[in-house]
Every structure is written in C-alpha cells, then in structure tokens.
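# Architecture at a glance
Residue strings, one per chain:
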Amino acid sequence: MRILHTSDWHIGRQFHNISLLDDQRLVLDQIVSIVKSERVDVVLIAGDVYDRAIPPAKAVALLDDVLYQLCGDLGVPVIMIAGNHDSADRLAFGSRQLMESGLHIVGPLSNQWQPVTLSDEWGEVAFYGIPYVDPVIVNSVCGIRCSTHDEAMAYLTKSIHEHNVEGRRTVVLSHCFIDGGSACDSERPLAIGGADKVSPQHFEGFCYTALGHLHGRQYKGSPHIRYSGSPMKYSFSEESHKKVVTIVDLQQDGSVEFEDIPLYAPRNMRTIEGPMDALIDAAINDAHCDDYLLVKLTDTRAILDPMGKLRKAYANVLHLERPTLAASGRRYGVDRELLLPNAEGPKRGALSMFGDFYQQVCEETLSTEQSTIVEAMLDECLHGDDV
Ligand SMILES: [Mn+2]
C-alpha cells in the first residue's frame, strides 16, 4: 500500500501580517498532483490542518477544495487528525457522514478506537488516528490518572495494541513532540519546560507512525517513526529546511520504504545580509527579489527609513535587523541614554546634545559647517517662522 504522509498545513497562516493563503494553495495543488502521479492509495494529514481554532472563511474554502480534489476527483481516501492548532470539535464537523465518501476526520479523542481499515493485495491495514491531546483530556476521556504527555501516550498506544486484531498491519497518526526532535520557531509549544515530550519507543510496535507537530522533516527512534514536516516554511528559522511530502510503501510483512518528494513554494523565505547600497544594487540581478526576506543591514551609519528604501527593491522585506549596531553596543533610533549621556543632558542646549548623538552614531564630530546647518534647523523647529 502506498501512503502519502503530510502534516502541519496551517491553512490560513499569516507571516508578519502577510497572508500565505495563495502560496498555500499552490503548494497544496502540488500535493494533489503528487497523489495522482505517484498513484497514492491513502493520504494522511497528521494534524494542524488549520492554523487557528477558528480559521478564516477563505482557509476553510481552500481545505474544502483540496479535500474535494483528493477524495472526490481522485477517489483517494484521506485520514486527518486534529493538531494543537485545530479545534478538534470543529474539525470533526460532518465526520460520520463524510466517512462514506472516503474522508476520515479524527477530531476529539474518543474512549473507543475506530480505526480506518483499508485493504491491499496482502490484506487489511488499520489506521489509528490519535488527535493532539494533553494528559487532562486523556484522564477525563479514558478514566485514568496520568500526569505527563509521555504517560498519556504510553496508555494510548498500549490501548491501540490491545484493540488491534493480532497480526494486522497497523499505521498510527499522532500529533506530539517526540523527545529529542528538533524544533523551530513556527511551532507553538505544547507545554512549558519540556513536559510535552514523549518517548519514541511507544510507537516502535507499529508498521509506521505518521507524526505531526515538528515542522522540520525528521525521524526519531527508528526511521518508521517519522515527521513529514510542514509543506512550506513558516518561519525564518526554517530557511535551510527542505519541504516535502513523504511517500511510504507498506510491504506485505509490515516493513516500509520511504521517499521524500520535494514541494516548492512560489516565494522562498530567506535572509540577505550586507550594506544597504550593495543590497539594493544586487536586487536588479535577483530573479527572486519577491521572496519573503529577513534583511540584516551591516551599515554602521544611521539610515532614514531603511525599510521603505529596501521595499522599493525587494517587495516582501518582512523583518529588518541591524546586527552591526547591536554588536557595537549602540542602538539605532531614539534611545534615552543616547540622547542624554549624563545627568546634565536636559540642561544642555539642543545643538550640543545633537552633537553627542552624531558622535555616537557616526563616530565623527560635527564640522563647523554642519553645526551651522543643524543650528538653523533647530531654530526653525523651536521658533518657527520668526527667525
Ligand atoms: Mn504545527
């Protein structure tokens, strides 16, 4: 059986106040094409389908489109579980009716497992979906007493083994933080202080575990306990990530083979660094100047409206840093200490204070000519037209 594993779509996500919906549509279209071209038998979405518990209407419409293409047009079943960003109850709307059409949604945790069973030429495969849950939910649904995510997962995976038919090949979907996994900036922590970590050993006994939550593709414990990662970058910390879907071929004996198929976002997320003038000159030869950019300006001089200037060359500069100024202990902008070097500051004339400011920012003293110009400007500011 050929399985496509993906997770953390985060449909409707914004990045620095920019909607990523158009980019997400193009990336999800690629997933639909891969399902078709690779003759995939079932699609697994391991949680964080939406970015928010109450997603914007356009995000709901996009998911509706994608699911219709997969289940309706292609006739490929989809199994998805709720992640920590989803509202499990809302995601599960219509789930009992939709099962008939091949869409299997695992919303809130139930005390009765209802695996999805599919068949290939070698027999049945059971898919157990574990939605994102914390220990409090597991305790109340299952009537047990556990205090950590790890204990909760130990209980849930054990109860899957007890429920499953002996010898039946089994795949699990789970949205959790496996201990030792590497995180990035776009994941919301599940609990404070590492209490959210679960051991990979709970999943050892299943043929494959399709994980969600961590946005970088990776496996922990064994290669068959795996995160596909998010389909596109959601933070600058993912600059070096390769975004993929994972194709899993489940064999007769329950062993698996993997292949990652790359996904391409229309706009990359990346960092550029250098002095302002050089960066602006380089934009002319930059075929991807509309990428989402973090710019690190290395100029040591003060620059008026650097963001405005950069955006004329690079439309999607989303964040600006001045590492050189930060490293030298000086700060850019209005800073109380910078303007008032000592207690005498407020009593001193504006020209003298500006001289200090100029010295600190430019490491030069004002020339006589510059002083005259600044003095005239200060006079005009303070006294208006009557000079
Ligand atoms: Mn996520």
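Quantities reported herein were computed from a predicted structural model and do not represent experimental measurements. Residue numbers restart at each chain and count upward from 1, following the sequence in its written direction. Note on the predicted model: pLDDT of at least 70 is required for a residue's local features to be given, and 80 or more for side-chain atom pairs to be given and counted; whole-chain, interface and lining totals, by contrast, use all residues.

Another point: the overall build of the protein. Note on conventions: DSSP H or I runs of at least 4 residues are helices, E runs of at least 2 residues are strands, and numbering of each starts at the N terminus. A count of helical and extended segments in the protein gives twelve helices and 19 strands. Expressed along its principal axes, the backbone C-alpha trace of the protein runs to roughly 90 × 50 × 35 Å. C-beta atoms are placed from the backbone for every residue, and two residues are taken to be in contact when these atoms lie within 7 Å. Contacts in the protein between residues at least 24 apart in sequence constitute 66% of all its contacts with a sequence separation of at least 6.

Bridge count for strand S7 (residues 116-120) against strand S8 (residues 123-130) is five bridges, and the pairing is antiparallel. Bridge pairing in S8 places threonine 117 opposite alanine 126. A pair of strands is treated as paired once DSSP finds two or more bridges between them. Hairpin connection from S7 to S8: two residues lie between these consecutive antiparallel strands.

Quick look at the pairing of strand S18 (residues 292-297) now. Note: strand S17 (residues 269-274) against S18, six bridges, orientation parallel. If you follow glycine 274 over to S18, its bridge partner there is leucine 297. Seen with its strands pointing away from the viewer, a crossover is right-handed if its path from the first strand over the helix to the second goes clockwise. This β-α-β element, S17 to helix H7 (residues 276-282) to S18, shows right-handed connectivity. Relative to strand S19 (residues 317-321), S18 runs parallel, the two being bridged by four bridges. Counterpart to valine 295 in the pairing with S19 is leucine 320.

What follows concerns the sheet that holds strand S16 (residues 256-262). Sheets are built from strands paired through backbone hydrogen bonds, the pairs being either parallel or antiparallel. Read from one edge to the other, the open sheet built from six strands follows the order S6-S5-S4-S1-S15-S16, with strand pairing classed as mixed. Among the strands making up the open sheet, the edge pair consists of strand S6 (103-106) and S16. Within this sheet the neighbouring strands show an average axis-to-axis angle of 20 degrees, counted without direction. Bridge count for strand S15 (residues 244-250) against S16 is seven bridges, and the pairing is antiparallel. For valine 248, the partnering residue across the bridge sits in S16 and is phenylalanine 258. Where helices are involved, their axes are fitted lines through C-alpha atoms of the stretch in contact, as for all axes, and angles between N-to-C directions lie from 0 to 180°. Packing against the sheet, helix H1 (residues 21-37) makes contact with strand S1 (2-6), strand S4 (42-45), S15 and S16, and its axis sits at approximately 170 degrees to S1. Of the strands in this sheet, S4, strand S5 (78-81) and S6 touch helix H2 (residues 57-73), which is tilted by about 145 degrees from S5.

Think of a nonpolar core as buried Ala, Val, Leu, Ile, Met, Phe, Trp, Tyr and Cys residues chained together by C-beta atoms that fall within 7 Å. Exposure classes come from backbone-placed C-beta atoms, where a residue is buried if 20 or more other C-beta atoms lie within 10 Å of its own, exposed if 12 or fewer do, and partly exposed in between. Core analysis: the biggest nonpolar cluster contains 69 residues, and Val43, Leu44, Val78, Val171 and Leu173 have the highest contact counts within it. Apart from residues no more than four positions distant in its own chain, valine 43 is found in contact with Leu4, Val35, Leu70, Val76 and Val78. Judged by nonpolar contacts, the second largest core, of nine residues, contains Met269, Leu279, Leu293 and Leu297.

Once that is clear, we can look at the domain arrangement of the protein. Source of the domain bounds: an automatic or database domain assignment. The assigned domain composition of the protein is domain 1 (2-262), domain 2 (269-327) and domain 3 (336-386). Distance between the C-alpha centres of domain 1 and domain 3: 60 Å.

One open sheet holds the three strands; their spatial order is S17-S18-S19, and the pairing between them is parallel. Here the strands that pair on one side only, and so sit at the sheet edges, are S17 and S19. Taken pair by pair, the neighbouring strands of this sheet meet at an average axis angle of 20 degrees, ignoring direction. Against the sheet, helix H8 (residues 306-313) makes contact with S18 and S19, and its axis sits at roughly 135 degrees relative to S19, the strand it touches most.

This brings us to unusual backbone geometry. Even without a glycine there, the phi angle at histidine 10 is positive, about 50 degrees. Secondary-structure assignment places histidine 10 in the loop between S1 and strand S2 (14-15).

This part covers the packing of H1 against H2. Relative orientation of the contacting elements H1 and H2 amounts to 10 degrees, with a least axis distance of 10 Å. The angle between H1 and H2 places the two elements in the roughly parallel class. Across the interface between the two elements, Leu21, Gln24, Arg25, Leu28, Val32 and Val35 from H1 touch Lys58, Ala59, Leu62, Val66, Gln69 and Leu70 from H2. We call Asp, Glu, Lys and Arg charged. Ala, Val, Leu, Ile, Met, Phe, Trp, Tyr, Cys and Pro are nonpolar, and the rest, Gly among them, are polar. Its residues assigned to classes, the contact of H1 with H2 shows eight nonpolar, two polar and two charged. Roughly parallel means an angle under 35 degrees; roughly antiparallel means over 145; roughly perpendicular covers 65 to 115; every other angle is labelled oblique.

Interhelical geometry of helix H11 (residues 350-362) versus helix H12 (residues 368-383) gives an angle of 130 degrees and a closest axis separation of 10 Å. Our classification of the angle between H11 and H12 gives oblique. At the point where H11 passes H12, the crossing takes the right-handed sense. Only Ser371, Val374, Glu375 and Leu378 of H12 make contact with H11, whose side of the interface consists of Ala350, Leu351 and Phe354. Residue composition of the contact of H11 with H12, grouped by class: five nonpolar, one polar and one charged. In this scheme the crossing of two helices becomes right-handed for a clockwise turn of the near helix relative to the far one and left-handed for an anticlockwise turn of less than a right angle.

The next thing to look at is the environment of leucine 4. Checked against the element boundaries, leucine 4 lands in strand S1. Of the residues examined, leucine 4 has 24 C-beta atoms within 10 Å and is grouped as buried. Taking the C-alpha atoms as reference, leucine 4 lies 27 Å from isoleucine 54; in sequence the two are 50 residues apart. In contact with leucine 4, other than residues within four places in its own chain, are Ile34, Val35, Val40, Val43, Leu44, Val245 and Ile247.

For threonine 6, the position within the fold is in strand S1. It is 13 Å that separates the C-alpha atoms of threonine 6 and isoleucine 225, two residues lying 219 residues apart in sequence. Setting aside anything within four residues of it in sequence, one finds threonine 6 in contact with Ile31, Ile45, Ser228, Pro231 and Val245.

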